[in-house]
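# Observations on the three-dimensional arrangement
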Amino acid sequence: MLNLTATHINYYHVCHRKLWLFANGIQMEHTSETVAEGKLIGETTYTDRSQQYTEVEVDGIKIDFYDAKNKVVHEVKKSDKVEKAHIAQVKYYIYKLGQQGIAGVTGLIEYPKMRQRETVQLEHGDEEMIQTWETSIRDIVNSEICPPLLRKPICKQCSYFDFCYVEEPV
């Protein structure tokens with residue numbers, strides 16, 4: 001059985017094709033300048049975080065910056081182009097911490113390049129929605145057929161762009 005991660009949750013909200021490819025061992029992130037820039041921002045912004053906050057691993061989910069004292073999950077992102085996916089990812093972190101008996105957790109998505117922050121918390125009905133995501137993700141990744149190409153504007157920044165559009169006119 002697939003051990004879901006926050007990456008699966010994120011990709012589910014961005015592109016089911018990307019999710020399927022990633023979960024089935026086709027990983028292109030190492031070739032992406034966009035991914036490299038995002039990692040650089042994460043590593044060079046808020047450099048004192050590793051001293052203040054802890055890295056937490058729960059059910060195979062790794063949270064880079066968790067403020068245990070204030071019960072806040074911190075997530076640093078490059079831009080808000082797929083903010084819905086970022087919010088879902090942080091809600092998943094909060095949900096997984098709740099399953100471990102840690103109540104009252106909130107999240108904070110930070111976009112340092114944009115100088116913006118987004119507060120995230122679980123709302124009524126989110127736990128059921130997350131369970132639906134988990135079921136849907138398992139159905140997608142266990143399918144024998146890769147989901148079709150959707151041709152979204154976000155595709156041009158995706159690490160899978162060359163793979164998906166290898167023979168397709170753009």
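Residues numbered from 1 in each chain as written. Predicted model: local features only at pLDDT ≥ 70, side-chain atom pairs only at ≥ 80, totals over all residues. Heavy atoms only, no water.

### Considering helix α2 (residues 16–23)
Spelled out, the test is: Burial classes follow relative accessibility: with a 1.4 Å probe on protein chains only, a residue under 20% of its type's maximum area counts as buried, one over 50% as exposed, and anything between as partly exposed. Put simply, DSSP marks the helices as runs of H or I at least four residues long and the strands as runs of E at least two long, and each gets a number from the N terminus on. Note on contacts: a residue pair is in contact if any heavy atoms of the two residues lie within 4.5 Å.
Across the eight residues that make up α2, a large majority, six, are buried. Buried within α2 are the following residues: Arg17, Lys18, Leu19, Trp20, Leu21 and Phe22. Residues of α2 that are buried in the fold lie against α1 (6–14), α6 (126–142) and α7 (161–164). Where α2 ends, the next residue or the one after it, glycine 25, has phi of about 85°, a positive value.

### Overview of the pattern of salt bridges
Convention followed: One speaks of a salt bridge when a side-chain nitrogen belonging to Lys or Arg is within 4 Å of a carboxyl oxygen belonging to Asp or Glu.
Scanning the entire structure with this criterion turns up five salt bridges. Here lysine 96 ties to aspartate 59 by a salt bridge, and the two come within 3.4 Å at their closest N and O atoms. One end of the pair, lysine 96, is in helix α5 (residues 83–99); the other, aspartate 59, is in the loop between β1 (54–58) and β2 (61–67), with 37 residues separating them in the sequence. On the basis of relative accessible area, aspartate 59 is assigned to the partly exposed category, the value being 40%. Note that aspartate 126 is salt-bridged to lysine 91, the shortest N-O span being 2.6 Å. Residue aspartate 126 is found in helix α6, and its partner lysine 91 is found in helix α5; the two are separated by 35 residues along the sequence.

### Looking at the nonpolar core
Quick reminder of the rule: Residues belong to a common nonpolar core when they are buried Ala, Val, Leu, Ile, Met, Phe, Trp, Tyr or Cys residues joined through side-chain atoms within 4.5 Å.
By size, the foremost hydrophobic cluster in this structure holds 37 residues, and its most contacted members are Leu19, Ile63, Tyr66, Val73, Tyr92, Leu97 and Ile137. Sorting the residues of this core by element identifies α1, α2, β1, β2, α5, β4 (106–111), α6 and α7 as the ones contributing at least two each. Residues in contact with tyrosine 66, not counting those within four places in the same chain, are Tyr53, Thr54, Val56, Lys71, Val72, Val73, Leu97, Ile102 and Val105.

### A short note on the state of the cysteines
Each disulfide consists of one covalent bond between the sulfur atoms belonging to two cysteines. Short version of the rule: Defined by distance alone, a disulfide is two cysteine sulfur atoms within 2.5 Å.
Applying the stated rule across the entire model yields zero disulfides. Note on cysteine 15: no disulfide assigned, nearest cysteine sulfur contributed by cysteine 155 at a separation of 6.1 Å. What makes cysteine 15 buried here is its relative accessible area of 17%.

### Notes on α5
Applied cut-off: Expected span, for any helix, means 1.5 Å times one less than how many residues it has.
Its 17 residues place the ends of α5 24 Å apart at the C-alpha level, agreeing with the 24 Å of an ideal helix rising 1.5 Å per residue. Most of α5 is tucked away, with twelve of its 17 residues classed as buried. What α5 keeps buried is the set Ala85, His86, Ala88, Gln89, Val90, Lys91, Tyr92, Tyr93, Ile94, Tyr95, Lys96 and Leu97. Backbone geometry just downstream of α5 places glycine 101 in the positive-phi region, at approximately 85°.

### Let's talk about the pairing of β2
So the rule is basically this: The pairing criterion for strands is at least two bridges between them, as found by DSSP.
Here β2 lies mainly inside the structure; five of its seven residues are buried. Inspection of the sheet shows β1 paired to β2 by four bridges, in the antiparallel sense. Opposite threonine 54, over in β2, you have tyrosine 66 as the bridge partner. What sits between the antiparallel neighbours β1 and β2 is a turn of two residues, in which aspartate 59 has the positive phi angle 50°. Direction of pairing for β2 relative to strand β3 (residues 72–76): antiparallel, over a ladder of three bridges. Bridge pairing links tyrosine 66 to valine 73 in β3. The turn joining β2 and β3, which pair antiparallel and follow one another in sequence, is formed by four residues; a positive phi near 55° is taken by lysine 71.

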